[in-house]
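Secondary and tertiary structure notes
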Amino acid sequence: QQQVKQSPQSLIVQKGGISIINCAYENTAFDYFPWYQQFPGKGPALLIAIRPDVSEKKEGRFTISFNKSAKQFSLHIMDSQPGDSATYFCAASMLGYSGGGADGLTFGKGTHLIIQP
Amino acid sequence: SAVISQKPSRDICQRGTSLTIQCQVDSQVTMMFWYRQQPGQSLTLIATANQGSEATYESGFVIDKFPISRPNLTFSTLTVSNMSPEDSSIYLCSVVFWEGSQDTQYFGPGTRLTVL
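Let us look at the structure shown here. Being a predicted model, the structure only gives us computed values, none of them experimental.

Right, let's talk about the overall build of chain A for a bit. Regarding its fold elements, chain A presents zero helices and eleven strands. Walking chain A from its N terminus toward its C terminus, one meets helices and strands in the order β-β-β-β-β-β-β-β-β-β-β. Rg of the C-alpha trace for chain A: 14 Å, near the compact-globule value of 13 Å for 117 residues, within the 12% margin. With the principal axes as the frame, chain A shows a C-alpha extent of 45 × 30 × 25 Å. Counting all 117 residues of chain A, 47% fall into the buried class. Across chain A, contacts joining residues at least 24 apart in sequence account for 55% of those joining residues at least 6 apart.

Dropping the structure here:
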């Protein structure tokens, strides 16, 4: 599996601030870039995902920015709240657009996010 | 999305024994994956389990250690064989759904395994 590099490893943000987590990938065949949120003792929960044919996707307070030429994508959490404190993983895979043609995910190492009240 | 359940949710096992983890999905899915998450670490793909074919293992994982069954489109098992303390991890199954205009991948709650 090709590597996905995630930074920072840990992040502390004040309540109401913007949390930004960055990822870079190597394999240009990747076509699915999800972000997962994981709380202690729980499985990863899909937060938001993007395909390389769009440069930005927003769902509520969460935005993915995607730069295909730089092979980078980032997660922005607007108006960060203490309940957002969790570990965030970026990932990438080849899923295709036709359904059923998926590949396993390659994960970044994770970012431990703490939102201070 | 899908409801994915795993059994057991956690277990403590003795070295040298084996544990079979079950993954049940409330909808039929073609592709299912098994991942491992070692303590404080990220997730690593163990294998891809498609119904009707042999599981495909990633580098560093072998069938003798992690045999997988996929008897139908809603169920799979992963066995961790001849366990050692290094196998202490969270094991997660994951499925892919075709939603809207793309595939989406979801995870089960995980099985937390401790090997003594």
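Let us look at the overall build of chain B. Counting its regular elements, chain B contains zero helices and eleven strands. Counted from the first residue to the last, chain B has its helices and strands arranged as β-β-β-β-β-β-β-β-β-β-β. Here the C-alpha radius of gyration of chain B, 14 Å, is about what a compact globule of 116 residues would show, namely 13 Å. Expressed as lengths along the three principal axes of its C-alpha atoms, the size of chain B is roughly 45 × 25 × 25 Å. A burial count over chain B gives 53% of its 116 residues as buried. Long-range pairs, those at least 24 residues apart, make up 54% of the contacts in chain B between residues at least 6 apart in sequence. Total accessible area on chain B is roughly 5,300 Å²; 48% of this is exposed by carbon and sulfur atoms.

Here we take up the pattern of salt bridges. Residues and elements named next belong to chain A. Scanning the model with the defined rule gives four salt bridges over all chains in all. Between Glu59 and Lys57 there is a salt bridge, and its shortest N-O distance comes to 3.6 Å. Under the relative-accessibility criterion, Lys57 is labelled partly exposed at 28%. A salt bridge links Arg61 to Asp84, with the nearest nitrogen and oxygen atoms 2.8 Å apart. Taken together, the residues span a long stretch of sequence, with Arg61 in the loop between β6 (56–59) and β7 (62–67) and Asp84 in the loop between β8 (72–77) and β9 (86–92) at a distance of 23 residues. Under the relative-accessibility criterion, Arg61 is labelled partly exposed at 27%. Using a relative accessible area of 5% as the deciding quantity, one classes Asp84 as buried.

Residue and element names in this part refer to chain A. On the surface, Ile18, Ile20 and Met78 cluster together into a nonpolar patch covering about 240 Å² of accessible area. Mapping Ile20 onto the fold places it in strand β3 (residues 19–25). A residue is classified by how much of its surface remains accessible, and Ile20, at 36% relative accessible area, is partly exposed.

By the definition in use, this model includes two disulfides over all chains. Disulfide pairing is shown between Cys23(A) and Cys90(A); the S-S distance is 1.8 Å. Taking the torsion about the S-S bond as the criterion, the Cys23(A) to Cys90(A) disulfide, at about -95°, is left-handed. You can see Cys23(A) sitting in strand β3 and its partner Cys90(A) sitting in strand β9, a full 67 residues away along the chain. The residues Cys23(A) and Cys90(A) share a single accessibility class, namely buried. Between Cys23(B) and Cys93(B) runs a disulfide, and the two sulfur atoms are separated by 2.0 Å. With the S-S dihedral at roughly 70°, the linkage between Cys23(B) and Cys93(B) falls on the right-handed side. One end of the pair, Cys23(B), is in strand β3 (residues 19–25); the other, Cys93(B), is in strand β9 (residues 89–99), and 70 residues separate them in sequence. By the burial criterion, Cys23(B) is buried, and Cys93(B) matches it. Cysteine Cys13(B) remains unbridged, with the sulfur of Cys93(B) as its closest cysteine sulfur at 18 Å.

What counts, and where the lines are drawn
- Residues numbered from 1 in each chain as written.
- Chains lettered and ligands numbered in written order.
- Predicted model: local features only at pLDDT ≥ 70, side-chain atom pairs only at ≥ 80, totals over all residues.
- Heavy atoms only, no water.
- Helix = DSSP H or I, 4+ residues; strand = E, 2+ residues; numbered from the N terminus.
- Rg over C-alpha atoms; globule rule 2.2 N^0.38 Å.
- Buried < 20%, exposed > 50% of the residue type's maximum accessible area, 1.4 Å probe, protein only.
- Contact = heavy atoms within 4.5 Å.
- Areas by Shrake-Rupley, 256 points an atom, 1.4 Å probe, with all protein chains shown as cover.
- Salt bridge = Lys/Arg side-chain N within 4 Å of Asp/Glu carboxyl O.
- Patch = residues over 30% accessible without salt bridge, like charges linked within 9 Å, V, L, I, M, F, W, Y side chains within 5 Å.
- Disulfide = S-S within 2.5 Å.

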